[in-house]
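Architecture and fold: a report
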2 protein chains.
Amino acid sequence: MIQVFGHYSPDTDSTGSPLIWAWYLSDIKKTPAEAVLLGTPNTEAKFVLEHWGFAQPRIINDVTAGAPVVIVDTNNPDELPAGINSADIQAIIDHHKLVGGLETKGPIDITIRPLACTATIMHDLIGADMAQAPRGVKGLMLSCILSDTLEFRSPTTTPTDRAVAEALAADLGVDMHDLAAQMFAAKSDVSAFSDAELLKMDAKKYAVGDKTFRISVLETTSPAQILARKDALVAAMPEVAAEDGADEVMLFVVDILKEEATLLVPSPVIRAVAEKSFNVTVTGDSVVLPGVMSRKKQIIPVLSL
Amino acid sequence: MIQVFGHYSPDTDSTGSPLIWAWYLSDIKKTPAEAVLLGTPNTEAKFVLEHWGFAQPRIINDVTAGAPVVIVDTNNPDELPAGINSADIQAIIDHHKLVGGLETKGPIDITIRPLACTATIMHDLIGADMAQAPRGVKGLMLSCILSDTLEFRSPTTTPTDRAVAEALAADLGVDMHDLAAQMFAAKSDVSAFSDAELLKMDAKKYAVGDKTFRISVLETTSPAQILARKDALVAAMPEVAAEDGADEVMLFVVDILKEEATLLVPSPVIRAVAEKSFNVTVTGDSVVLPGVMSRKKQIIPVLSL
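Conventions adopted
Residues numbered from 1 in each chain as written. Chains lettered and ligands numbered in written order. Predicted model: local features only at pLDDT ≥ 70, side-chain atom pairs only at ≥ 80, totals over all residues. Heavy atoms only, no water. Buried < 20%, exposed > 50% of the residue type's maximum accessible area, 1.4 Å probe, protein only. Helix = DSSP H or I, 4+ residues; strand = E, 2+ residues; numbered from the N terminus. Arc of directions from axis to C-beta. Contact = heavy atoms within 4.5 Å. Buried area = accessible area lost by both parts, 1.4 Å probe. Salt bridge = Lys/Arg side-chain N within 4 Å of Asp/Glu carboxyl O. Polar contact = N/O pair within 3.5 Å; in protein donor to acceptor, adjacent residues only side chain to side chain.

**Observations concerning helix α10 (residues 268–278) of chain B**
All names here are of chain B.
- For α10, every residue scored as buried is listed here: I270, V273, A274, S277 and F278. The buried residues of α10 all sit within an arc of 100° when viewed along its axis, so they share a single face. Exposed residues on α10 whose side chains face more than 90 degrees from its buried face are P268 and K276.
- Tucked into the core, α10 has its buried residues touching β7 (211–220), β8 (248–255), β9 (260–264), β10 (286–290) and α11 (295–299).

Structure below.
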């Protein structure tokens, strides 16, 4: 049985894409496959599973040496179990930059495309067999695209992502705007999470000069709910940074509807990075960055110290 | 202008595939691209260029930082210029195992497939636009496949490689067997090369236990021509090994027609590796390995010490 999984801290794409590909392998390719998760899905992903009638896949903590696996939505060993290179990696489907570190024993299927969403790539790879996809699989695809593109607001959105989403919505008879609103509301309900959990929810480690940052992004339609916890979040940062071997946490609260990010500025180092990277003057303990929505396109590439 | 290139010591696939892809980018995608080489093509690749009416692409020694490049037929930084990660890598098309080491600044197009030949993958990626390909481009594709599959004898051959080659041959009105015979005759004419040049012609470094070997493969229809130079080849080995930081050279002379390899055994270490890896008893200074034709499938995976 092939295990299909995405990255740690699964979001909607890393939860939905394994289910889509496990369906394709099992039902179309007649190769038994199981979607699994590397952690608890976020609140949006949980809503999406329930909305389209899927049970939550089981969570695994490690992979077995020699076990067949398919990796989706990442090619970064830091976002995967420690033993990943000992597994029998059979395929990788991803839309992130190549970071190096994964190794395979022989030639395998690797498809990486500069699209907003893994599910969009799968739609292309599945091709004409999409006609056989059940409603739930098509629904997952649509939700993955709406999530990763922030309903086409993110600059990562390509015409292909948009066209695939529109075709799926028409096929399913679904109002995309209404679905996206429900998904974003689910993602924005973070009242159940501790401050540390919020900082770790969607975080990637990145080195800038001689400092290493844990760059956390929270996409929300209710930024006020998160920003009201500013002091407690800042207090939780040192421990969360240390846990991942980083020097500091940079928290970007992305307002999906206003299309802007608020960066918390708890230290002189983060103030220096913010001013240099985003060409702004920081006066208080946070700064608003108009138009900034994508870590991949608008944060990581400009960070400098 | 995008530069498209394969690996050092270009064989037919690493010479032909850049020309195929440069045609596709320039003529179909309207993105100017130039095929270049990372060294002098081997005698088979030279024959193929001439046969299909192509001038030899120019040879480059390094890449310029920030220059747009497409890498084909390898994903191994050891087989590419030292500055490769400073270039603007726009795409990778390959059929080798993922070795890690290449990094990109953002998400790009990466297509790796477990097929025998890069040109077969390109045929799939180009899709319906193949109808617009000139005769020379189709001919290059056919020659690349015949070369990498050793006219379908190599165990790396997949039904896809075979089907694409057969369709191209029918389309071109070409006798595949006749073309392959001419290509293999060209590859087998190694009289112009020094012993050291022969050892370096198609070599990949590989670690076995605590030793590192330069694993050289010479595919030929005239093994006697090479084996007659056995003593001189063995004498040239220490310097060629040292040049690449390897402990020893393992030279496999692959008889394409008899479908077997002769491994030179110049030292106790290579004898030990040969006996353990291929389950044979070595008595003289060489050993015949029936059925062994592919470094990727039949040599690298079994090597042990």
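**Re the interface of chain A and chain B**
- Contacts between the two partners involve 23 residues from chain A, matched on the other side by 23 residues from chain B.
- Here chain A and chain B share an interface that buries about 1800 Å² over both sides, 57% of which is from carbon and sulfur atoms.
- On the chain A side of the interface with chain B, the three residues burying the most area are L98, P107 and I110 of chain A, jointly 34% of the side's total.
- In this assembly, chain A and chain B are joined by 2 salt bridges.
- Taking the shortest distance from any N to any O, the salt bridge between D109 of chain A and R113 of chain B comes out at 3.6 Å.
- Put simply, chain A and chain B have 8 residue pairs in polar contact (both at pLDDT 80 or more) between them.
- Sort the elements by how many residues they give to the side of chain A that touches chain B and strand β5 (residues 109–112) of chain A lands first, with 4 residues.

**Structural notes on unusual backbone geometry**
- In the Ramachandran plot, E151 of chain A falls in the positive-phi region, its phi being about 50° despite a non-glycine side chain.
- With a phi close to 55°, E259 of chain B is a non-glycine residue in the positive phi region.
- Here E259 of chain B shows up in the loop between β8 and β9.

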